[in-house]
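Read off the chains here:
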Amino acid sequence: MLDRLFRLDGAVAVLPGGAGGIGSAMAEGLAAYGANIVLAGRSLEHAEESAEPIRKLGVEVMTHVVEVTDPESVNRLVDAVVERFGRLDILINLAGTNFEAPAEEFPYEEWKRVVDLNLTGTFLCCQAAGRVMIRQQRGKIINISSVRSVLGIRRGYAAYCPSKAGVNLLTKQLATEWAKYNINVNCIAPTFIKTPLVAPMLADETFYNGLVNRIPLGRVGEPADLVGAALFFSSAASDFVTGQVLLVDGGVTATQ
């Protein structure tokens, strides 16, 4: 029994925003343990590129266009998944963005865009998938937050930090509401991971050195560092874990 604790054979995992570096790593990890994968995003071409190596693992891979801030688009994605597979077992919400500006000058439209994508988009995907999971009486939802959901930063993150803090509490609220349906809702909160979103910041040598010096493990995270957490929260190994925010941060928050 224990040798199958992390197996996901036949499960259907939907990853909105999953065609990026973190999403692709998680998708490959879940597929290696037997899950069928749905990669969804704004670009079908990008999703197809990310799907190719996953298909070689012998699982079914579906791609779909979605705009996570549009309820109708999200509902179409979920309907398409259920039509093809008949079920939806795992949701990993990866869509996110940032905009940097001093708080006193932060443009309202950029505030709205960041909060809509990071928080509202996460909620809409949870809501649509949650309806299916409630009917199934089972499901796993994983939201992606950030260490900046619990820590401020000396940069213009006035929209990003609150939006991710909202994801943390949304996770706890849904976990509380949906526990009676056997739906586990958890959250992964990484530190800086080497992705295109933060590449300009990591290219700043002064910032990079200061960042690494604050991380007890002495390096910036890689997408692969998040795969184990995704497998844990997706599998039977976490059946008695819900409403948790797991900080995958190299020890940053242990020192602050």
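Presented here is an overview of the structure given in this document. It should be emphasised that the depicted structure is a prediction, and the values quoted were computed from it without experimental measurement.

1. Let's talk about the sheet that holds strand 7 (residues 245–248)
Stage number 1. Taken in spatial order, the seven strands line up as 3-2-1-4-5-6-7 in an open sheet, and their pairing is parallel. Where the open sheet ends on each side, the last strands, each with one partner, are strand 3 (61–65) and strand 7. The average angle at which neighbouring strand axes cross in this sheet is 20°, direction not considered.
Stage number 2. For strand 5 (residues 139–144) and strand 6 (residues 183–190), the ladder comprises six bridges, and the chain directions are parallel. What sits directly across from Lys140, in strand 6, is Asn184.
Stage number 3. The sheet strands contacting helix 3 (residues 71–85) are strand 1 (12–16), strand 2 (36–41) and strand 3, and the helix crosses strand 3 at an angle near 155°.

2. Some points on the nonpolar core
Stage number 1. Grouped together as the largest cluster of nonpolar side chains are 32 residues, with contacts concentrated most on Leu15, Met26, Leu30, Ile37, Ile92 and Ile188.
Stage number 2. Per-element accounting of this core gives the leading share, six residues, to helix 1 (residues 21–32).
Stage number 3. Dropping the residues within four chain positions of it, Ile188 is found in contact with Met26, Ile142, Asn143, Ile144, Ser145, Ser146, Leu226, Ala229, Ala230, Phe233, Leu246 and Val248.
Stage number 4. One finds Leu91, Leu124, Val132 and Ala175 within the second-largest nonpolar core, a separate group that totals 31 residues.

What counts and what doesn't
Residues numbered from 1 in each chain as written. Predicted model: local features only at pLDDT ≥ 70, side-chain atom pairs only at ≥ 80, totals over all residues. Heavy atoms only, no water. Pairing = 2+ DSSP bridges. Helix = DSSP H or I, 4+ residues; strand = E, 2+ residues; numbered from the N terminus. Axes fitted to C-alpha atoms, helices over the stretch in contact; angles between N-to-C directions. Contact = heavy atoms within 4.5 Å. Core = buried A, V, L, I, M, F, W, Y, C linked by side-chain atoms within 4.5 Å. Buried < 20%, exposed > 50% of the residue type's maximum accessible area, 1.4 Å probe, protein only.

Coordinates in, geometry out; function isn't part of it.
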